[in-house]
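Read off the chains here:
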Amino acid sequence: VTLETHPGARGTIPAQAVINAPRAQTTLLAGGNQEITIAPHLINSPGYQPLESLQPLMQVGTVPSVLVAPPGADASEEALVRKLRSAAGVAIGTPGQGTPMHIALEDLAAQTKGTLLHVPYKGAPDVLAGVLAGSTPYGAVGYPAARNLIESGKLVPVSVLANQPSDLVPGVPAIGQKMQMKRSIAQVWYGLFAPVHTPPEERKRIESALATVMKEPAVRARLAEFGIQVTALPPDAFRRALQTESADFRQALTEHKIQ
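Every chain is numbered on its own, with residues counted from 1 as its sequence reads. pLDDT decides what is reported in this predicted model: residues at 70 or higher carry local features, side-chain atom pairs at 80 or more are listed and counted, and totals for whole chains, interfaces and linings draw on all residues regardless. Just so you know, side-chain values use all the structure's heavy atoms and leave hydrogens and water out.

Peer 1: Please provide a residue-by-residue account of unusual backbone geometry, values included.
Peer 2: Phi at Lys-113 is positive, roughly 55 degrees, even though this residue is not glycine. Every helix listed is a DSSP run of H or I at least four residues long, and every strand listed is a run of E at least two residues long, numbered separately from the N terminus. Tracing the sequence through the fold places Lys-113 in the loop between helix H5 (100-112) and strand S5 (116-120). Accessibility here uses a 1.4 Å probe with only protein chains present; expressed as a share of the type maximum, an area under 20% marks a residue as buried, one over 50% as exposed, and anything in between as partly exposed. By relative accessible area, which is 74% here, Lys-113 ends up exposed.

Structure follows, in structure tokens:
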């Protein structure tokens with residue numbers, strides 16, 4: 001297995017590289033929400049239709065998104081909602097414009113009739129640095145990025161941006177438990193895809209191999225160490241989930257005028 005990193009353009013560059021890969025070799029995409037269910041609605045010309053050009057093989061797992069704050073009086077859901085509803089609103093940092101965290105927070109602000117002052121950073125480390133420095137009172141990132149700061153007590157997890165709590169973040173409430181959200185809160189996920197031109201027998205071989213390896217306790221334990229909640233969704237279930245999520249994101253991006 002050869003791993004290649006192709007960063008840039010909200011994940012659309014690696015997606016295009018896989019779609020256009022030579023047919024004589026097996027090339028897979030390790031992707032997530034950004035290039036599959038968000039970028040096609042956020043970028044005018046992404047250059048591909050993900051659910052037509054790529055075949056879902058497996059959703060490996062999800063990563064809980066957490067809203068964090070420095071220790072103190074503001075580190076609670078009640079304080080967050082109160083600030084959202086205040087005349088000034090509240091500033092919250094995220095890893096970027098149109099990320100799942102950003103969309104979830106816009107939904108939350110609309111649901112509470114509050115004001116979100118979105119602060120898009122260039123990645124989770126910058127979000128956390130901004131919260132630690134006091135530049136923004138709150139930050140929303142994937143749990144793995146914040147885990148060390150949470151465990152050391154430098155930051156406090158205010159809420160999990162989800163409808164239900166996560167086993168990986170025990171004792172932290174989900175925002176969906178507090179607020180009746182109009183739209184299901186999408187989770188950050190990681191999955192594997194093959195170009196649609198991949199021969200059926202090769203695709204089936206890979207799907208079978210993935211199903212086998214994801215049953216290995218050592219593999220599941222290792223993913224948990226990285227903060228990934230294993231889902232191991234097979235192709236058909238994964239595709240249905242993607243179709244629903246893509247439609248939800250398209251609607252949310254339009255509603256909140258996210259560009």
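Peer 1: I'd love a proper account of the sheet that holds strand S3 (residues 65-69), names of residues and values included.
Peer 2: Strand pairing is assigned whenever DSSP identifies at least 2 bridges connecting the two strands. Read across the open sheet, the 5 strands follow the order S5-S4-S6-S3-S7; overall the sheet is mixed. Strands at the two margins of the open sheet, each flanked by one partner only, are S5 and strand S7 (156-160). When strand polarity is set aside, the average angle formed by the axes of neighbouring strands in this sheet is 30 degrees. Both strand S4 (residues 90-94) and S5 contribute to a ladder of 5 bridges, which runs parallel. Bridge pairing links Val-90 to Leu-116 in S5. Lines fitted to the C-alpha atoms define the axes, with helices restricted to the stretch that makes contact. Angles between their N-to-C directions range from 0 to 180 degrees.

Peer 1: Break down the pattern of salt bridges for me, citing the residues and quoting the values.
Peer 2: Salt bridges, as used here, are contacts in which a Lys or Arg side-chain nitrogen is within 4 Å of a carboxyl oxygen on Asp or Glu. For the structure on display, the rule yields 5 salt bridges. A salt bridge links Arg-203 to Glu-207; the nearest nitrogen and oxygen atoms lie 3.6 Å apart. Here the residue Arg-203 and the residue Glu-207 both occupy positions in helix H9 (residues 200-213), the gap between them amounting to 4 residues, near one helical turn. Of the two residues, Arg-203 and Glu-207, neither departs from the other in class, the shared state being buried. Each of Arg-203, Lys-204 and Glu-207 takes part in one network of salt bridges that share partners.

Peer 1: Give me the lowdown on the sheet that holds strand S1 (residues 29-32), citing residues and values where you can.
Peer 2: Sheet architecture is open: 4 strands sit in the order S1-S8-S2-S9, paired in antiparallel fashion. In this open sheet, the two edge strands, each paired with only one partner strand, are S1 and strand S9 (229-233). Across the sheet, the axes of successive neighbouring strands diverge by a mean angle of 25 degrees, strand direction being ignored. Note that S1 and strand S8 (residues 188-195) share 4 bridges and pair antiparallel. Of the residues in S8, the one forming a bridge with Ala-30 is Leu-192. We call two residues in contact when some of their heavy atoms are within 4.5 Å. Where helix H1 (residues 12-19) meets the sheet, its contacts fall on S1, strand S2 (54-63) and S8, and the angle it forms with S1 comes to roughly 145 degrees.

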